[in-house]
Amino acid sequence: MRTSPFVGWLLLAPSLLLLGGLVVFPVLYNIWLSLFDKHAFMPVQTFVGLRHYRYFASDPEFWTSFYYGSVYAGATMVLQLGVGVPAALLLNEAFRGRNLLRGVVLFPYMIPTIVAVILWKWLLNDSYGLVNYLLVNAGAVRAPVAWLGPDYIMTALIVTSVWQFFPFVVVTYLARLSTIAPELYEAATVDGASAWRRFLHVTLPQTASVLFVIVLLRSIWMFTKFDTVWLLAGDGGVSRYIRTLPVYAYARSFTYLQAGMGASLAVIMFAMLLVATAVYFRMFRSEEVFS
Amino acid sequence: MRRAGALYGAGLVLLLAAAFPLFWMLSTALKPSGEIFATPRFVPLHPTLENFRRLFADTSFFVFFRNSVLVAGATVLLTLAVSSLGAYALTRYRFRGRDTVAGLILLTYMFAPIMIIIPFYILVKQLGIVNTHLALVLSYTTFCLPFCLWVLRAFFQSIPLDLEEAALVDGAGRGRTVWYVVLPLALPGLIAAAIFTFILAWNDFLFALVLITSEELKTLPVGVNDLFNATIVDWGMIMAAGVMITVPTVCFFAAVQRYLVQGWGSGGVKG
Amino acid sequence: MPHRPPAPSPRVSRRRFLAGAGAVAGVATFGRAPAVIGQQVRELQVWHTEVEPQTVKVIQDTSIAEFEKKFPGFKVKQQALGWGDLNTKLLAALAAGSPPDLTHLNPFMTASLYTKNLLRPMDEVIRSVGENDIHEATRKLQFFDGKYYGITHAMGATYFCERRDLRVKKGLKAPETYADMLNLCAALTEDGRYAFQMPGEKLYMGFVHPAEWLAGNGGSWVDAKTWRPQLNSKAMLEILEYLQKLNKFQSQGWSGQKYLDTQAALATGKIAMSYLSGARAIGYIEKYAPENMRDPEHYMPMLRPHGPSGKVGMSALDGENWAVFSQSKYPNEAFEFLRLFYKKDYYLQYCHSVPIHLTPIFSSMLNDPAYLANERIKKWKAWHEVMLAGLKGNRFLPIGFTRPEDNTLPFLAELDGSSIVADMVVEVMVGGKNPKAEADRAQKRAEELLTQLGHKRWS
């Protein structure tokens, strides 16, 4: 086919313009902004160099939110895999109603975060919530549990997030599972391998690369997750106990009104992700992930 | 036999885990307030649409809903247009740096909105479009682009060139060829991209929170959050709002579900 | 920053350009432009925080109706914002260069905006509505360098709302001191009912109440001269120790619940006192309390106790002030609107739209038969009297103030937003942490914050 490079660039231009203007430029501008003392809404700014970075290095609030953020990202990551992978294996089997179930499983992922959060707040409500009602009736607890109080708010957050995001793992893992050649399993079955061994020796190696991607993407997204966390605790004092890094960055910019410091937190987060991703690649593999 | 039993048992557990909370939302939305605070029952004793009536009569829910439809619809169309052009260029035209550009586009996928929201806000303000739907449409489009470009690129790559060449030889212009040959073949990809875009635009909270200040321009997630914060224990109405937001997604999804796993499998999803 | 009206031509062309881009989106299929960018009609934007539908309606039917008759080219657009949203929305609008022409401001924001030269003086309006008749609890709050920069829209006292019948049954007096309060709470705790509940929002438990505590215990946010924070002062430590004891008498989930949840809990008998209440609570009581209990014999306001270092319990006076920005497009019309707003007949209707919560700012009206001739005020007269007693005893300070002079502090919004105080309160009350350690931590954070904001005057 005869094509001209000029037309190629022209067709690509809208995409590049949007990505360049609304992602790349803000990222660069963000780095620049992090070197200034800037009020979130007033037009004045003063250059302060790396002062914000030095400040955060010894800011206990920063380290607390890093800790909460890591706990949140780690726990939700493990649980999403723990629920999502078995669910995908199940949905890869043939049984009646499978297609319906495949669709239904996706629902939690498709509803808006605000709905997921409000729904779980209702389920976990300490006076009228269904969860407490069932627990008390089953005799598992003596008095209703304050799920949204300080002791359990992190648990509530993790439960809500896992419920909301495990379908991603299901879909992505299932897409790969369904392409594994059946002959591989047949050979293993002939060898008399148990279901567990078949999983270990056939499924797992075949799906290693997709697991790699899932873990990478989900970790990044959970580490930078804002809306679920922010919406669950709202303006409550209890938000203290789930103040993750993204929330802290948002607060610095929009409630402390220190846009420069908020920007440096964003840069720090990005640097952390970059380093973690590089290490992760080095540890597990280096090529053909996105092919 | 035992195996089948185990399969169905596990299927049931999975079904409950995914769908029960949503069922409970619907059930609460249909209960009169007396039942909501009484001993929980799975099915309402006296189902009523009163909660929905209050939602539409006493709140701006309809305005939020209309805004969301508008913004999500415009975003889907703009995203599909821009990413189809881009993906077509990436697969059908040869130019230097093409693959590098494709790789770089994927890299932008790594930036979470929260990490650039401040400069984004400042930029939008400079453009004079803060507090407009246009700002939302542009931001959602941008954040959907990497995924959509990659999905469509994969689909376009899988469409044999001979078909297009045949059409071109027959005298159809490039535009007609794409419209009548390429796009129909890439339909599953377009649908996957559309769903992904729709979900992102329909669900987004952060951009809508930061960029929109006027009550009459708010989209559903922010509007419903305000509603939630401003009402006194009206769980029935709140759950009714939840149901109303969920329904369009579910319908949209049900209509095109069979294309979904196929499309998503080729690119991963964001969220 | 000098005010420049937006230049129309480059803006239009940019808009066209972007609209061109947007058109690809098939926006046309929806039959309308995707965004409201500018308005061709002359529109007076008025923002306020009285969200009750009846209040909005009264404003629409009185001052707005007359204003629009008087100025045919104008439309008044009122926007009722949730109180918690006001600051963020306003700052965003200011940043975007399109603030409303007339707005409510929290008094703790006013100083900050005044020092940034963002407000217009309004002496003439204030003289014309009756400067000397304005109650002294609010008159001079926005008086800076010899000029008025704001006028309070109405006054609403805050206090506990108690189940008076329960306390009377126990034969206990209203608490004067922290010790009294703890005794009262112990006495009111019964099976299935907590003594009280605080609202969990940071704005309240981390800003409004801490200011009250400090004011009622001889403390203050900052040193009057040096502005050095006083978060680990003796006054604050006494408060924190009291709070730790007090916390045993409320539900452990309180910090995850909202102000409105506490009102519901009071109305449905789950608690004996709601910590934060105002006359707005009457509305909830009349709607949610058992029918035979919707009266002042059962539900009454109760003023705050004072701490060991204080003389009298203080509480927050809810009353935003009207303000006009220097960037306002139609300042004169905004002032004209204010004159209509305070016109006696209209103002009475306004105050009656949420009786007692919207207490008139004019001393002459407080006992005016025309004001008292309202069904709800008649029925809940006892609540009105608590309001009068509090005003007389100087027991109210604007929201977030620890002293009257706090009206000059330009960093209270940031202090509130930083949740430094909220974290301290939560850690001490809910987390059971050591008050001294938490107070020291908060002090350090507050000193850092003020330094970063450029308000450090101490050495």
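Calculation criteria
Residues numbered from 1 in each chain as written. Chains lettered and ligands numbered in written order. Predicted model: local features only at pLDDT ≥ 70, side-chain atom pairs only at ≥ 80, totals over all residues. Helix = DSSP H or I, 4+ residues; strand = E, 2+ residues; numbered from the N terminus. Buried ≥ 20, exposed ≤ 12 C-beta atoms within 10 Å, placed from the backbone. Contact = placed C-beta atoms within 7 Å. Core = buried A, V, L, I, M, F, W, Y, C linked by C-beta atoms within 7 Å. Pairing = 2+ DSSP bridges. Nonpolar A, V, L, I, M, F, W, Y, C, P; charged D, E, K, R; others polar. Axes fitted to C-alpha atoms, helices over the stretch in contact; angles between N-to-C directions. Left-handed = near helix turned anticlockwise from the far one by under 90°. Arc of directions from axis to C-beta.

Draft legend 1. Representation of the overall build of chain B. Each helix and strand in chain B was counted, giving 14 helices and zero strands. Helices and strands in chain B line up, N terminus first, as α-α-α-α-α-α-α-α-α-α-α-α-α-α. Its C-alpha atoms put chain B at 70 × 65 × 35 Å along the principal axes. The proportion of buried residues among the 271 residues of chain B is 53%. Nonlocal contacts in chain B, meaning residues at least 24 apart in sequence, comprise 78% of its contacts between residues at least 6 apart.

Draft legend 2. Highlighting the nonpolar core. Ranked by internal contacts, the top residues of the largest apolar core, which has 183 residues, are V170 of chain A together with L211 and A241 of chain B. For L211 of chain B, the contacting residues outside a window of four places in its chain are Y121, V124, V130, N131, A135 and L136 of chain B. If you look at the next biggest cluster of nonpolar residues, it comprises 129 residues, including L231, L240, Y275 and A439 of chain C.

Draft legend 3. How the structure looks around the pairing of strand β11 (residues 299-302) of chain C. Residues and elements named next belong to chain C. Taking every second residue as pointing to the same face, both faces of β11 are buried, with Y299 and P301 on one and M300 and M302 on the other. Of the strand pairs in this sheet, strand β8 (residues 159-163) and β11 are connected by four bridges, and their pairing is antiparallel. When the sheet's bridge partners are listed, E162 is paired in β11 with M300.

Draft legend 4. Quick look at the sheet that holds strand β13 (residues 321-323) of chain C. All names here are of chain C. Taken together, five strands build an open sheet; the order of strands is β2-β1-β3-β13-β6 and the sheet is mixed. Lying at the two open borders of the sheet, with one neighbouring strand each, are β2 (74-80) and β6 (151-152). As paired strands, strand β3 (residues 102-105) and β13 are joined by three bridges and run antiparallel to one another. The residue of β13 that forms the bridge with T103 is A323.

Draft legend 5. A look at the environment of L217 of chain B. Residues and elements named next belong to chain B. Following the sequence through the fold, L217 ends up in the loop between α11 (206-211) and α12 (220-230). Assessed through the 23 C-beta atoms surrounding it within 10 Å, L217 is described here as buried. Along the chain, L217 and R66 lie 151 residues apart, while their C-alpha atoms are 9.5 Å from each other.

Draft legend 6. Molecular detail of the interface of chain B and chain A. With 75 residues of chain B in contact, the opposing surface of chain A contributes 74 residues. With 13 residues, the single largest contributor to the side of chain B that touches chain A is helix α1 (residues 2-29) of chain B. In terms of residue class, the side of chain B that touches chain A is made up of 54 nonpolar, 18 polar and three charged.

Draft legend 7. View of helix α10 (residues 259-267) of chain C. All names here are of chain C. The buried fraction of α10 amounts to eight of the nine residues, a majority that puts the element mostly inside the structure. When we look at burial in α10, the residues that qualify are Y259, D261, T262, Q263, A264, A265, L266 and A267. Packed against the buried residues of α10 are β8, β9 (194-197), α8 (202-215), β10 (271-277) and α11 (281-288). A positive phi of about 80 degrees marks G269, the residue just after α10.

Draft legend 8. A look at the environment of L105 of chain C. Residue and element names in this part refer to chain C. In this structure, L105 sits in strand β3. Residue classification places L105 among the buried residues on the basis of 24 C-beta atoms within 10 Å. For the pair L105 and W47, spaced 58 residues apart in the sequence, the C-alpha separation amounts to 9.2 Å. When neighbours within four sequence positions are excluded, L105 is seen to be in contact with T110, G150, E320, N321 and A323.

Draft legend 9. Seen up close, the packing of helix α8 (residues 161-169) of chain B against helix α9 (residues 174-185) of chain B. Residues and elements named next belong to chain B. One way to put it is that α8 packs onto α9 with a least axis distance of 10 Å and a crossing angle of 145 degrees. Crossing angle aside, the handedness with which α8 passes α9 is right-handed. Here L163, E164, A167 and L168 of α8 lie close against α9, whose contacting residues are T177, V181 and V182. Of the residues belonging to the contact of α8 with α9, the class tally is five nonpolar, one polar and one charged.

Draft legend 10. Region of the structure containing the environment of E215 of chain B. Along the chain, E215 of chain B turns up in the loop between α11 and α12. If near-sequence neighbours (up to four positions away) are discounted, E215 of chain B is found in contact with S60 of chain B together with Q79 of chain C.

Draft legend 11. Inspection of helix α7 (residues 178-188) of chain C at higher detail. All names here are of chain C. Of the residues making up α7, those classed as buried are Y178, M181, L184, C185 and L188. On an axial view of α7, the arc spanned by its buried residues comes to 120 degrees, and they lie on one face. Turning to α7, the residues buried within the fold contact α6 (164-170), β9, α9 (234-246) and β10.

Draft legend 12. Main features of the sheet that holds β11 of chain C. Residue and element names in this part refer to chain C. As summarised here, the arrangement of the four strands in space is β9-β10-β8-β11, forming an open sheet in which the pairing is mixed. Of all strands in the sheet, those bounded by a partner on one side alone are β9 and β11. Taking the axes of each pair of neighbouring strands and ignoring which way they run, one obtains an average angle of 20 degrees across the sheet. Note that β9 and β10 share three bridges and pair parallel. By the bridge assignment for β10, Y194 is matched with I271.

Draft legend 13. Broad picture of the pairing of strand β12 (residues 315-318) of chain C. All names here are of chain C. By the bridge criterion, two bridges tie strand β7 (residues 156-157) to β12 in an arrangement that is antiparallel. What sits directly across from A157, in β12, is L317. Note: β12 against strand β14 (residues 396-398), three bridges, orientation parallel. What sits directly across from S315, in β14, is F396.

Draft legend 14. Molecular detail of unusual backbone geometry. All names here are of chain C. Not every positive phi belongs to a glycine, and N117 is a case in point at roughly 60 degrees. Here N117 is to be found in the loop between α4 (107-115) and α5 (123-129). Of note in the backbone geometry, D145 takes a positive phi value of approximately 45 degrees without being a glycine. Here D145 is to be found in the loop between β4 (143-144) and β5 (147-148). On the neighbour-count criterion, D145 (7 C-beta atoms within 10 Å) is exposed.

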